[in-house]
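# Fold and contact review
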Amino acid sequence: MLNPLFYIRSIMLALSQIWANKTRSFLTALGIIVGVASVSAVIAALVGLKTKVLEEFEAVGASRMFIFPDRPSDAPENLYPWEDIRLKQTELDAIVTNCPSIRAISPSTDLGMSVQNGDQTITGVTVKGIWSDWHQTSGRSILIGRSFNSIDELNARQVCLLNDAAVEELQMQQDPTGSHVLLDGRRFLVIGLVETLEESIFGMNTSSAEVFIPFSMAAKLQSPNFFFIINALIESPDVAEEAESEVRFTLRKMRGIGPDEPDTFEVAAIDQFIDQFKALAAGITAIAGGIVGISLLVGGIGIMNIMLVSVSERTREIGLRKAVGATPTAILLQFLLEAVTLSFLGGFIGLAIGRLFAFGMTRIPDANLEQADIPMWAVILAFVFSGGVGVIFGMFPAIKASRLDPIEALRHE
Amino acid sequence: MLIEIRNLSKVYRVGVEEIHALRGVDLDIGSNEMVAIMGSSGSGKSTLMNMLGCLDTPTSGTYHLGGRNVGQMGARELASIRNEQMGFVFQSFELLPRQTALQNVGLPLIYASSGGGGSRRRRAKEALDRVGLSDRTTHRPNQLSGGQKQRVAIARAILNRPQILMADEPTGNLDSTTTLEILDLFAQIHAEGQTILIVTHEDDVAACCQRVIRLRDGRVDSDLPVAEDIAGRHVGGKGVRC
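Everything numeric in this text was worked out from a predicted model, so none of it was measured.

### What to know about the nonpolar core
With 72 residues, the main nonpolar core has B:Ile3, B:Ile5, B:Leu48, B:Leu52, B:Tyr63 and B:Leu65 as its most contacted residues. Per-element accounting of this core gives the leading share, nine residues, to helix H12 (residues 328-362) of chain A. The contact partners of B:Tyr63, leaving out residues within four places of it in the chain, are B:Ile3, B:Glu4, B:Ile5, B:Leu8, B:Met51, B:Leu52, B:Cys54, B:Arg68, B:Asn69, B:Val70, B:Gly71 and B:Met86. By size, the runner-up hydrophobic cluster in this structure holds 40 residues, among which are B:Leu109, B:Ala157, B:Leu174 and B:Ala206.

And the structure:
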């Protein structure tokens, strides 16, 4: 309908209007700039965090499973006393015998003890009671020496494994095997050195001293109703559901839970954590989106306000344009293009600032945001939204301009 | 006849009050006439001008422009008539301040439905040539004198070679020397075959036209050739003689 010159001239005119009123245009676009900058920064942070977390999960392995006692949700505490629902040795044995989809399994219980080697004493050290399968289920292998064998477990022998932090803090030789340490005064033979994992964001930080003892030994040292969880490795991620139902069936049978009664334990696979994390990330994105929606709304109102001012300042110009043959549609498009150009510029500057923020994030040490980046979909979304804000909030002033009576407009002072 | 007006009326409603700006005007204007429309404030001359310029539509009566009934046209058709068949010149020039003379002259082309890209610039240049401002193409309005501004506005008005050139108090903001220059320019354009309507309250400007239409209270008071109109009348204004 309108020739291309009209669009080129309108955009040029819009840019020259914006340039002629630099301060005003900048203040007007500020709402959009802040909105787009903040949402792109939040999305960049989330993307960085997500990439990192998923990488961690990958490293841990998707075929890991955890079994731990858990009250049914909403159930009163006194109905399910801790002593009843905690995992028991017999249940552990039953899972070992009855769950063929599980490849490796190990209980794990924590004690806090003091560890002594000669003059060196460290207090409050985490001492873990484990089976030898724990190295598989946790992905932490033996570097020097050996792990526990069935004799160690069966006889609850006083043997232990250390990690390198413990070796260092206790000032032992690099190969600590064959030496003895005192755990709360008991003499334990060191038989191996356990790998330390890279620092992780899940609190699996193994940079502090750790000592491992046979699970049966830990059971003897613990209080009678002690708490442990079960780490398991399933045959493959494909049989995750089978493994889960095997464990569920075994435990429900052992505990005599009726068909209509809820589980008093939880079987959790890594997949679930990934799903939960993704849901959490999506939730945060939605909330950030909502906040940005508000700032875009405010920005849009700013644009509408300034466009109304612009229409009233340029009433004579509108009158003249109509006199030389501009149709109402042409006037409407001209002002709409001006609003959209303004909000697009805001979106562009906002994205640039968001990019700077994202770049800054990757430089923060220990923030786990090395991979923060604004994904393509967010860039497109930012432009679509800022353009949309321009159209929606520019529409009212543009309609107002297009409806001006040319005679009245030309007479306007 | 280029313009045929029959029993044209315009009623404005201001609140509950009705204002009869035009009360049954009959008018014929032929091609290549140069007509002055005069009348005191409130006589309806501006309203008539707006009707003739297709800026406004009548309440009753008919207006045929080149045989087409303007009263029955929609906003888009009126805009296209204004674009192609009307050229407007205003008292206060109405140039866009941030655009060059050439861009100002080319403004109607933005809203034209046809015409190739390269020829637009050429046509705008031609129009500036015709008003004698070919050396001012890149100047902005604030770098031009009042007379030059009005020449740019006239160049813009004649760009599309309209059937009618309408000037609303074109010399109202100009001194006598410049007024004479602009009137010379009008005479020159008229000599090239252009129909020109000038709304003015200056007798000496009207004296430069062929025909003078005087309005009073929304009616045509007199419609005479210029010689008869000024006969025995004291010609006021700035003392311009054409």
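### So, the side chain of B:Thr137
Residue and element names in this part refer to chain B. Among the secondary structure elements, threonine 137 is positioned in the loop between helix H4 (117-130) and helix H5 (146-158). Judged by relative accessible area, threonine 137 falls into the buried class, the value being 13%. Those residues within four positions of threonine 137 in sequence are excluded, and the remaining contacts are Thr100, Ala101, Leu102, Lys125 and Leu128.

### Notes on the sheet that holds strand E2 (residues 17-29) of chain B
What holds strands together in a sheet is hydrogen bonding between their backbones, with the strands either parallel or antiparallel. All names here are of chain B. The four strands are arranged E2-E1-E4-E5 in an open sheet whose pairing can be described as antiparallel. Lying at the two open borders of the sheet, with one neighbouring strand each, are E2 and strand E5 (68-69). Pairing between strand E4 (residues 60-65) and E5: two bridges, direction antiparallel. Across the sheet, the residue bridging to histidine 64 is asparagine 69, located in E5.

### Topic: the packing of aromatic side chains
Residue and element names in this part refer to chain A. One pass over the structure, following the stated rule, counts eight aromatic pairs over all chains. Taking 4.9 Å as the distance between ring centres and 45 degrees as the angle between the ring planes, the aromatic pair formed by tryptophan 134 and phenylalanine 212 counts as tilted. Of this pair, tryptophan 134 sits in helix H5 (residues 134-138) while phenylalanine 212 is found in strand E8 (residues 210-214), placing the two residues 78 residues apart along the sequence. No difference in accessibility class separates tryptophan 134 from phenylalanine 212, as the two residues are buried.

### A closer look at the packing of H12(A) against helix H13 (residues 376-402) of chain A
Residues and elements named next belong to chain A. Axis separation between H12 and H13 bottoms out at 7 Å; the angle between their running directions is 150 degrees. Here H12 and H13 pass one another in a crossing that is right-handed. A per-class count over the contact of H12 with H13 returns 18 nonpolar, seven polar and no charged.

### Quick look at the pattern of salt bridges
A complete count under the given rule lists 27 salt bridges over all chains for this structure. Between A:Asp110 and A:Lys128 there is a salt bridge whose closest N-O contact spans 3.0 Å. Separated by 18 residues along the polypeptide, A:Asp110 in strand E2 (residues 102-117) and A:Lys128 in strand E3 (residues 120-130) bring together distant segments of the chain. On the basis of relative accessibility, which here comes to 15%, the residue A:Lys128 falls in the buried class. Among the salt bridges present, the one from B:Glu33 reaches B:Arg211, with a minimum N-O distance of 3.0 Å. Highlighted residues: B:Glu33 in the loop between E2 and strand E3 (34-38) and B:Arg211 in strand E9 (residues 211-216), separated in sequence by 178 residues. The class for B:Glu33 is buried, based on a relative accessible area of 17%. Several salt bridges converge on common partners, so that one network encompasses A:Glu244, A:Arg248, A:Arg252 and A:Asp263.

### Let's talk about the interface of chain B and chain A
Counting residues at the interface gives 24 residues for chain B, matched by 28 residues for chain A. Of the roughly 2,400 Å² buried between chain B and chain A on both sides combined, carbon and sulfur atoms contribute 60%. Taken together, chain B and chain A are joined by one salt bridge. The shortest N-O distance in the salt bridge between A:Arg316 and B:Glu94 comes to 2.3 Å. Counting across the chain B and chain A interface gives six residue pairs in polar contact (both at pLDDT 80 or more). Elements with a contribution of two residues or more to the side of chain B that touches chain A: helix H2 (75-85) and helix H3 (101-110) of chain B. Its residues assigned to classes, the side of chain B that touches chain A comprises 12 nonpolar, five polar and seven charged.

Criteria and cut-off values
- Residues numbered from 1 in each chain as written.
- Chains lettered and ligands numbered in written order.
- Predicted model: local features only at pLDDT ≥ 70, side-chain atom pairs only at ≥ 80, totals over all residues.
- Heavy atoms only, no water.
- Core = buried A, V, L, I, M, F, W, Y, C linked by side-chain atoms within 4.5 Å.
- Buried < 20%, exposed > 50% of the residue type's maximum accessible area, 1.4 Å probe, protein only.
- Helix = DSSP H or I, 4+ residues; strand = E, 2+ residues; numbered from the N terminus.
- Contact = heavy atoms within 4.5 Å.
- Pairing = 2+ DSSP bridges.
- Phe/Tyr/Trp six-rings, centres within 6.5 Å; stacked < 30°, edge-to-face > 60°.
- Axes fitted to C-alpha atoms, helices over the stretch in contact; angles between N-to-C directions.
- Left-handed = near helix turned anticlockwise from the far one by under 90°.
- Nonpolar A, V, L, I, M, F, W, Y, C, P; charged D, E, K, R; others polar.
- Salt bridge = Lys/Arg side-chain N within 4 Å of Asp/Glu carboxyl O.
- Buried area = accessible area lost by both parts, 1.4 Å probe.
- Polar contact = N/O pair within 3.5 Å; in protein donor to acceptor, adjacent residues only side chain to side chain.

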